[in-house]
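Tertiary structure, described
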Protein chains: 2
Amino acid sequence: MREIAIIGIGQTPVSENWEHSIREIASEAIFAAMLDANRERVEGLFIGNMLSGLISQQEQLGSLIADWVGFKSVEAFKVEAACGSGAAALRMALMAVASGMLDSAIAMGVEKMSETRGVETTAALVTAADADYEAAQGLSFVAINALIMQRYMHEYGWQHADFAPFSINAHANAAHNPFARLQDPISLEQYRKARMICSPINLMDASPTGDGAAAVLIVPAETLHHTRHETGRPLVTIAGSAAATDTLAVHDRKNPLWLSAAEKSSQKAYKQAGVGPDDIQVFELHDAFSIMAALSLEACGFAERGQGPQLGLSGEICPSGRIPIATRGGLKARGHPVGATGVYQIVEVVQQLRGQAGPTQIDGAIVGMAQNIGGSGASIITHILKAN
Amino acid sequence: MREIAIIGIGQTPVSENWEHSIREIASEAIFAAMLDANRERVEGLFIGNMLSGLISQQEQLGSLIADWVGFKSVEAFKVEAACGSGAAALRMALMAVASGMLDSAIAMGVEKMSETRGVETTAALVTAADADYEAAQGLSFVAINALIMQRYMHEYGWQHADFAPFSINAHANAAHNPFARLQDPISLEQYRKARMICSPINLMDASPTGDGAAAVLIVPAETLHHTRHETGRPLVTIAGSAAATDTLAVHDRKNPLWLSAAEKSSQKAYKQAGVGPDDIQVFELHDAFSIMAALSLEACGFAERGQGPQLGLSGEICPSGRIPIATRGGLKARGHPVGATGVYQIVEVVQQLRGQAGPTQIDGAIVGMAQNIGGSGASIITHILKAN
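Residues numbered from 1 in each chain as written. Chains lettered and ligands numbered in written order. Predicted model: local features only at pLDDT ≥ 70, side-chain atom pairs only at ≥ 80, totals over all residues. Heavy atoms only, no water.

Here we look at the overall build of chain A
The number of helices and strands found in chain A is 14 helices and eleven strands. Rg of the C-alpha trace for chain A: 19 Å, near the compact-globule value of 21 Å for 388 residues, within the 12% margin. Across its three principal directions, the C-alpha atoms of chain A cover 55 × 45 × 40 Å. With 388 residues in all, chain A has 68% of them scored as buried. Long-range pairs, those at least 24 residues apart, make up 78% of the contacts in chain A with a sequence separation of at least 6. Carbon and sulfur atoms provide 50% of the accessible area of chain A, an area that totals close to 12500 Å². Positive and negative side-chain charges of chain A, numbering 28 and 39 respectively, have mean locations separated by a distance of 2 Å. (Helix = DSSP H or I, 4+ residues; strand = E, 2+ residues; numbered from the N terminus. Rg over C-alpha atoms; globule rule 2.2 N^0.38 Å. Buried < 20%, exposed > 50% of the residue type's maximum accessible area, 1.4 Å probe, protein only. Contact = heavy atoms within 4.5 Å. Areas by Shrake-Rupley, 256 points an atom, 1.4 Å probe, with all protein chains shown as cover. Lys, Arg positive; Asp, Glu negative; His and termini not counted. Charge placed at Lys NZ, Arg CZ, Asp CG, Glu CD.)

Side note on the interface of chain B and chain A
Contact with chain B, which involves 59 residues of that partner, is made by 59 residues of chain A. Across the chain B to chain A interface the summed buried area is about 4900 Å²; carbon plus sulfur atoms make up 54%. When the buried surface of chain B facing chain A is broken down by residue, Gln60, Glu80 and Met101 of chain B rank first, second and third, together holding 15% of it. The interface formed by chain B and chain A holds eight salt bridges in total. (Buried area = accessible area lost by both parts, 1.4 Å probe. Salt bridge = Lys/Arg side-chain N within 4 Å of Asp/Glu carboxyl O.)

Brief notes about the confidence of the model for chain A
For chain A, per-residue confidence averages 96 on the pLDDT scale, and residues scoring 70 or more make up 99% of the total. Across the interface, the model reports ipTM at 0.97; the global pTM reads 0.98. (pLDDT = per-residue confidence, 0-100.)

Points about the pairing of strand β7 (residues 212-220) of chain A
All names here are of chain A. Among the nine residues in β7, nine count as buried, and that is most of the element. Neither face of β7 is exposed, since Gly212, Ala214, Val216, Ile218 and Pro220 on one face and Ala213, Ala215, Leu217 and Val219 on the opposite face are all buried. Where strand β1 (residues 4-11) meets β7, seven bridges bridge the pair, whose relative direction is antiparallel. Pairing of Ile4 across the sheet is with Pro220, part of β7. (Pairing = 2+ DSSP bridges.)

Here we look at the relation of the copies chain B and chain A
Each of the two chain copies goes to the other by way of a rotation about an axis and a shift along it. Placing chain B over chain A gives an RMSD of 0.0 Å and needs a rotation angle of 180°, together with 0.0 Å of translation along the axis. Taken together, these values place the two copies in the relation of a two-fold axis. By C-alpha distance to the rotation axis, the residue of chain B lying nearest is Ser99 of chain B, at 1.8 Å. Of the residues that chain B buries at the interface, 100% are likewise interface residues in chain A, meaning the two copies contact each other through the same surface. (Least-squares fit on C-alpha atoms with pLDDT ≥ 70 in both.)

Focus: helix α7 (residues 164-174) of chain A
All names here are of chain A. For α7, a buried count of nine out of eleven residues is recorded, marking the element as mostly surrounded by other parts of the structure. Those residues of α7 that sit buried are Ala164, Pro165, Phe166, Ser167, Asn169, Ala170, His171, Asn173 and Ala174. Looking at the buried side of α7, the elements it contacts are α8 (188-193), α11 (290-299), α12 (308-313) and α13 (330-333).

Remarks on the side chain of Gln58 of chain B
Considering the arrangement of structural elements, one finds Gln58 of chain B in the loop between α2 (52-56) and α3 (61-69). A relative accessible area of 3% means that Gln58 of chain B is categorised as buried. There is a polar contact of 2.7 Å between the side chain of Gln58 of chain B and the backbone nitrogen of Ala131 of chain A. Contact partners of Gln58 of chain B, with chain neighbours within four places excluded, come to Thr127, Ala129, Asp130, Ala131, Asp132 and Leu248 of chain A together with Ser52, Gly53 and Leu64 of chain B. (Polar contact = N/O pair within 3.5 Å; in protein donor to acceptor, adjacent residues only side chain to side chain.)

Observations regarding the packing of helix α6 (residues 141-156) of chain B against helix α11 (residues 290-299) of chain B
Residue and element names in this part refer to chain B. Relative to each other, α6 and α11 sit at 60°, their axes nearing to 9 Å. Considered as vectors, α6 and α11 are oriented oblique to each other. Here α6 runs over α11; the crossing is left-handed. Residues Asn145, Ile148, Met149 and Tyr152 of α6 lie in contact with α11, whose contacting residues are Ser290, Ile291, Met292, Ala294, Leu295 and Glu298. Residues of the contact of α6 with α11, tallied by class, amount to seven nonpolar, two polar and one charged. (Axes fitted to C-alpha atoms, helices over the stretch in contact; angles between N-to-C directions. Parallel < 35°, antiparallel > 145°, perpendicular 65-115°, else oblique. Left-handed = near helix turned anticlockwise from the far one by under 90°. Nonpolar A, V, L, I, M, F, W, Y, C, P; charged D, E, K, R; others polar.)

So, unusual backbone geometry
Between Ser199 of chain A and the following residue, Pro200 of chain A, the backbone shows a cis peptide bond with an omega angle of 5°. Among the structural elements, Pro200 of chain A can be located in the loop between β5 (196-198) and β6 (201-202). Positive phi, close to 50°, is recorded for Ala326 of chain A, a residue that is not glycine. For Ala326 of chain A, the location among the structural elements is in the loop between α12 and α13. The phi torsion at Gln60 of chain B lies on the positive side, around 55°, for a residue other than glycine. By secondary structure assignment, the location of Gln60 of chain B is in the loop between α2 and α3. With a relative accessible area of 0%, Gln60 of chain B lands in the buried category.

Some thoughts on a positive patch on the surface
Among the surface-exposed residues, Lys72 of chain A together with Lys254, Lys264 and Lys268 of chain B lie close enough to one another that they form a single positively charged patch. Relative to the helices and strands, Lys268 of chain B is located in helix α10 (residues 260-273). Overall, Lys268 of chain B belongs to the partly exposed group, its relative accessible area being 44%. (Patch = residues over 30% accessible without salt bridge, like charges linked within 9 Å, V, L, I, M, F, W, Y side chains within 5 Å.)

What about the environment of Gln60 of chain A?
Along the backbone, Gln60 of chain A and Leu217 of chain A are 157 residues apart, and their C-alpha atoms lie at a distance of 21 Å. Residues within four places of Gln60 of chain A in sequence aside, it is in contact with Glu80, Ala81, Ala82, Thr127, Ala128, Leu248, Gly374, Gly375, Ala378 and Ser379 of chain B. Within polar-contact distance, the side chain of Gln60 of chain A engages the side chain of Ser379 of chain B at 2.9 Å.

Quick look at the pattern of salt bridges
According to the stated counting rule, one finds 32 salt bridges over all chains in the structure shown. Where Arg233 of chain A meets Asp36 of chain A, a salt bridge forms, and the shortest distance between an N and an O atom there is 3.1 Å. Taken as a pair, Arg233 of chain A in the loop between α9 (228-231) and β8 (236-245) and Asp36 of chain A in helix α1 (residues 22-37) lie far apart in primary sequence, 197 residues in all. Of the charged contacts, one joins Arg2 of chain B and Asp103 of chain B as a salt bridge, the two residues approaching to 3.0 Å between their closest N and O atoms. Linking Arg2 of chain B in the segment before β1 (4-11) with Asp103 of chain B in the loop between α4 (85-98) and β4 (105-111), this pair joins segments that are 101 residues apart in sequence. Beyond isolated ion pairs, a larger network of salt bridges with shared partners links Arg23 and Arg117 of chain A together with Asp130 and Asp132 of chain B.

Quick word on the environment of Ile106 of chain B
Residues and elements named next belong to chain B. Of note, Ile106 is situated in strand β4. Judged by relative accessible area, which is 0%, Ile106 ranks as buried. Through-space distance from the C-alpha of Ile106 to that of His20 is 21 Å; in sequence the pair is 86 residues apart. Aside from chain neighbours lying at most four places away, what touches Ile106 is Ile30, Met34, Val42, Gly44, Leu45, Phe46, Phe71, Ala215, Val216 and Leu217.

The structure is reproduced here in structure tokens:
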């Protein structure tokens, strides 16, 4: 299998973008990635998106976006795995180029959530859960996560405030990311007093949705003649890529507090990359809710079972800590345009490995991981990137 | 790139299946394919589907279906390219296995259309068109195809009845396919007197939607030790696979009567397979509307521009003709469960190449082609299969 390099990255600010349609938002990220890669064409376009049908009454995003950006006749598809759609699209693009079928591709994620022509956002998001056995009971997506957090606190004895560092770190880091939706740092007091959404999840435990797109341009590393010296930046390659699923409905899991698909996909990715948790210097995880950050850290081997919050309390998740997370704001503060998020994470890890992460740069980072979660842990895709 | 074989096929009857949910319909096709292949597990599941969000209020079909069929933790994704979703899913599965990332995969298509929890079917189907520039004008999907047919008749001088053979052939062949939705042959008289849907498209020009699922199990051919002698059937391999896009909106095309993405994807597939139109012995094309059958035949090199209907009038599209199409009923009579259709086509070509096509078997068929179209020609995926 050919080694694949990410040679271009692009993203739009996550925002309520009332001025632009989904095709326009997507094109902004694509053009940025192509400019960054100094390429004028690609052979394929793989688009992670969850909600274009329900919200924009638009399917077939592949030809819509390929056409709009002028990729005349280039093959293009939409890939969906709920909030894991972005990383799923990268994995498809990776397979396409690694197989030799294509010699270049853009993997992107895009979501337009602020302006709905169809169902209301909460109704759209719950399609990530089991329609027959979860949504039909009246559970919203945040309610499912609230049940998990409640049970976790009960099982392991944590208090609500113990989750505060996840949110505080994310907001502090986002303050230095011009693409982040929420660029204001928050205090412990603000976290504690935030409006309750669905107990025990308050507003500061939940990531904001938004409109946004992110894109990466990949090619086989063997085709590149440039070196770090020529481009002035290291070459970032995909050292590991793996995906796994779990039951869609949380109540069908043996242990609803363990993300088995995170464990399985991270273990596979570690093996491919020839690394372990100790080698990961930056980890963009899927902190859609603060409980999810804790569970991801545990399932990927950074904390003992039930001990994820301790990493936050001891400062180890901060840029200067042992395992920095949400270094550009994470889902919590950069924002969570659902089907785009997985590609934002990849863009951010590339920034870290290139040394382009500004004040929240992790010194000397050469191995980074991104993990994107669909549903409440049902589809999990893990990528490990390396700077060469 | 590894050569890939299709070793298992499965399908459900296309019908109004009020008894079963989308996961149940999907599982029936998967189990049939696994039984046919004599395999108990696979490493990946790629699901073509267009409308599960809009109609069943269910996204994340990957983990939903992987979970339901007991593919514990197997990676699974949904792929969408409107009515081309099925073949798109096969192409993704092919890339996954050809790249060496997986050693086996199921590509499937599934659609549940009869029972909607969301929008009405016509409103759901028009999401295949351009929401901002086509649907917003009040055009339905059938209306777009009617405009194309009207213009085609005007440009090339055909009468409505000249398209009758496409429908008559499809119905005649479906009479021998137990999985077909419409198993009654029709007469020229019935075609001519059929109820008008959107002039000039009448009921006999339009394919029926439906509920259905089809699945194929693929593995690298190099891993197979069995021969034709051992299994009693030839080994079917994927000799060509290509996809291309066109503008999403038909009015943006230089020539709305030419399927450029069909031309481009078929030319690529021919080249990969080392064949040309003259070598294709059976062609499962995308006859969602009779005009589409004519346009596909032309773009793929079987008829001169504007002369597609002549192949029907001279009997060349029948099982005994030069280029048999819709040999198991096609979209017109087997039925068109939109996101599943592309995989039904593949299943049917495999049946032909194995000699399992019953009364409509094409004698000595060893090279077959399937072409799946998303939208009115915006996403087109062509596969060429060979019997070895």
